Amino acid sequence: MRRPYRSFAFVLAVLGGGACCRAAELPQGVADTAAALRSGALAGTGAFDLVRSLSHEVGPRLAGSPGDKAAVAWGLAKLRELGFANVRADKVTVPHWERGAEVGEIVTPHPQPVVLAALGGSVGTPEGGITAEVVRFADLAALQAAPEGSLAGKIAFVDNRMQRAQDGSGYGRAVGARGAGPTEAARRGALAFLLRSVGTSNDRIAHTGATRYTEGVTRIPAAALSNPDADLLAARLAGGQPVRFHLELGSRYLPDAESANVIGEIVGRTNPEEIILLGCHLDSWDLGMGAADDGAGCAIVIEAARRIGALERRPRRTVRVVLFANEEFGLSGARAYAERYAADLPRHIVAAESDFGSGKVYRLSSRVAPEALPRVAALAGLLAPLGVTQGDNEAGGGADLIPMAPARVPVLSLDQDGSAYFDIHHTINDTPDKIDPKDLDQNVAVWAVTAYVAAEWPGDFGRAPEPPARR
Ligand SMILES: [Zn+2]
């Protein structure tokens, strides 16, 4: 029997939320179970073991690679082992790019090898590599301001340094040069493109990530220099003498390959057709072990859902875990999911993705119908003891949720502290030793409470307003 609503939960909700409005009243039974999930997860979870297992037993898993295949098998086996229902692999076609060998060196005036990494999707250099004079630009805008033809026979170098921030916003400001830089440089005649790593580490490691070429513009090889090597190159250029650089990239495209979205469910007690989607991405870049990006996210959502499945009484709605294929190099899995389940998207009550490493969650943002904000406030109240406050209602959610936005699937965003994330993100240092298991436990607590409340609480989040414009 359900006890009558109690004002305690209501007061808690008002204190914790408060950013928007009066919090909606939570049924006491829901609040009690949420509190039990919260304290249970804080006492210790299996999330770190999952990250370590994926990092060590599979490791790098770029779309189309043997690691990608192994990751799909890992996901299926883990979800089955942990008691999920309807475990399946939905086929996804993915591009297959391979890094190959990479060499960079300053040739003159003072020869010195540098550490660099090809940008994801870069073409390789011709046999023997490219040797040419380097021209530096402070940022993408400066490159775009250079006249047509001014880089003929040269290598363009964009030297913009990413700024550290709790919300990771420095990444968004710097990453534009990675996507558009090679095309902008090629339009001005450049033979190759160099970029200061879009990362905050001062270690001698380079940061990869996807670039994109524009149809009809020459595709030139593109690589990121480690921060210390970008410092070196900038200092040499500041010396006033011409600086010649040698670049060799063995990158190439192979035929498209097969991958899969791996899915498992905690089937709803009374409304199984209504979906609470918890996402992460199963692929990773090839340099590290994909521990923080996105082994952590997968571990968090799997463990949170498992804990909900282990409750004495499963929630009313289905909690569906989706380990998306190929987020990093074109959102193939996310697009395939939105297409395959298009008819079901109106019954996706809410979606959330964990894809920001392992830092603690500090804020609950949303993109829900405005009239559902009191429900978000109530949820924020339940998360307040975990250090979470309520953010705005303009969350984009994770990248894999983008293809669902036109169907106006409501989004909850459990924003993590990303202060240290870009020290390791997309680098060889993305290994599990960088993760604090206690931080993962806090994440699991937040996710378990959020997913449980969304799955059990009668009512919903309406339909989301139009998504915000994205860079
Ligand atoms: Zn990611």
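The paragraphs below set out a description of the structure included in this document. (Residues numbered from 1 in each chain as written. Predicted model: local features only at pLDDT ≥ 70, side-chain atom pairs only at ≥ 80, totals over all residues. Heavy atoms only, no water.)

Throughout the structure, instances matching the rule amount to 1 disulfide. A sulfur-sulfur distance of 2.2 Å marks the disulfide that ties C280 to C298. Looking down the S-S bond of the C280 and C298 bridge, the torsion is 95°, so its handedness is right-handed. Here C298 lies in helix α9 (residues 291–309) and C280 lies in strand β11 (residues 271–281), a separation of 18 residues in the sequence. (Disulfide = S-S within 2.5 Å. Helix = DSSP H or I, 4+ residues; strand = E, 2+ residues; numbered from the N terminus.)

Put simply, a metal with four donors set out as a tetrahedron has ideal angles of 109.5 degrees, and one with six donors set out as an octahedron has ideal angles of 90 or 180 degrees. Around the zinc ion, the protein contributes the donor atoms H281 (NE2), D293 (OD), D355 (OD) and D355 (OD), which lie 1.9 to 2.8 Å from the metal centre. For the zinc ion, the 4 donor atoms in the first shell make angles of 51 to 146° at the metal, a pattern classed as irregular. Donor residues for the zinc ion, ordered by position in the chain, follow H-x11-D-x61-D. Placement of H281 in strand β11 and of D355 in the loop between β13 (348–353) and β14 (361–367) is noted, with a sequence separation of 74 residues between them. Grouping residues by exposure puts H281 and D355 together as buried. (Donors = N, O, S within 2.8 Å, 3.2 Å for Na, K, Ca; no water. Tetrahedral: all angles 85-135°; square planar, octahedral: opposite > 155°, others 65-115°. Buried < 20%, exposed > 50% of the residue type's maximum accessible area, 1.4 Å probe, protein only.)

For G67, the position within the fold is in helix α4 (residues 66–81). A relative accessible area of 13% places G67 in the buried class. Put simply, G67 and D32 are 35 residues apart on the chain and 42 Å apart in space, counted from C-alpha to C-alpha. If we skip the residues at most four places from it in the chain, G67 touches V58, P60 and R61. (Contact = heavy atoms within 4.5 Å.)

Here the focus is the pairing of strand β16 (residues 411–416). The buried count for β16 comes to 6 of 6 residues, which makes it a mostly enclosed element. Covered by surrounding structure in β16 are V411, S413 and D415 together with L412, L414 and Q416, the residues of both alternating faces. Judged from the 6 bridges that link them, β14 and β16 form a sheet pairing that is antiparallel. Within the sheet, the bridge partner assigned to V361 lies in β16 and is Q416. (Pairing = 2+ DSSP bridges.)

Turning our eyes to something else, we now look at the environment of I263. The residue I263 is located in strand β10 (residues 252–266) in this model. Judged by relative accessible area, I263 falls into the buried class, the value being 0%. Here I263 is in contact with L79, N86, V87, R88, D90, R320, V321, V322, Y337 and Y341, once residues within four sequence places are set aside.

By the secondary structure assignment, T45 is in the loop between α2 (28–42) and α3 (47–57). Exposure remark for T45: the relative accessible area of 18% places this residue in the buried category. Of the polar contacts made by the side chain of T45, one reaches the side chain of D441; its length is 2.6 Å. (Polar contact = N/O pair within 3.5 Å; in protein donor to acceptor, adjacent residues only side chain to side chain.)

Using the criterion set out here, one finds 10 aromatic pairs in the structure. Each member of the aromatic cluster is reached from another via a ring pair, and the members are W97, Y253, W285 and F329. Sitting over the ring of W457, R375 keeps its end group 4.0 Å from the ring centre. Above the face of the F461 ring, R375 is positioned so that its terminal group lies 5.7 Å from the ring centre. (Phe/Tyr/Trp six-rings, centres within 6.5 Å; stacked < 30°, edge-to-face > 60°. Lys NZ or Arg CZ within 6 Å of the ring centre and 35° of its normal.)

A word on the side chain of T431. Position of T431 relative to the elements: it lies in the loop between β16 and α12 (437–456). In this structure the side chain of T431 is engaged in a polar contact, spanning 2.5 Å, whose partner is the side chain of D433. Beyond its immediate chain neighbours, meaning those up to four positions away, T431 contacts M289 and A291.

Taken as a whole and judged by the stated rule, the model has 28 salt bridges. Between D231 and R161 there is a salt bridge, and its shortest N-O distance comes to 2.9 Å. With D231 in helix α8 (residues 227–238) and R161 in the loop between β6 (154–158) and α6 (169–174), the pair connects residues that are 70 residues apart, well separated along the chain. Take D231: its relative accessible area is 34%, and that puts it in the partly exposed class. For R161, a relative accessible area of 33% gives the class partly exposed. Across the salt bridge formed by K360 and D439, the nearest N and O atoms sit 3.1 Å from each other. Of the two residues, K360 sits in the loop between β13 and β14 while D439 sits in helix α12, which places them 79 residues apart along the sequence. Residue class for D439 comes out buried when judged on its relative accessible area of 16%. Connected through shared salt-bridge partners, R88, D90, E265, R320 and R340 make up one network. (Salt bridge = Lys/Arg side-chain N within 4 Å of Asp/Glu carboxyl O.)

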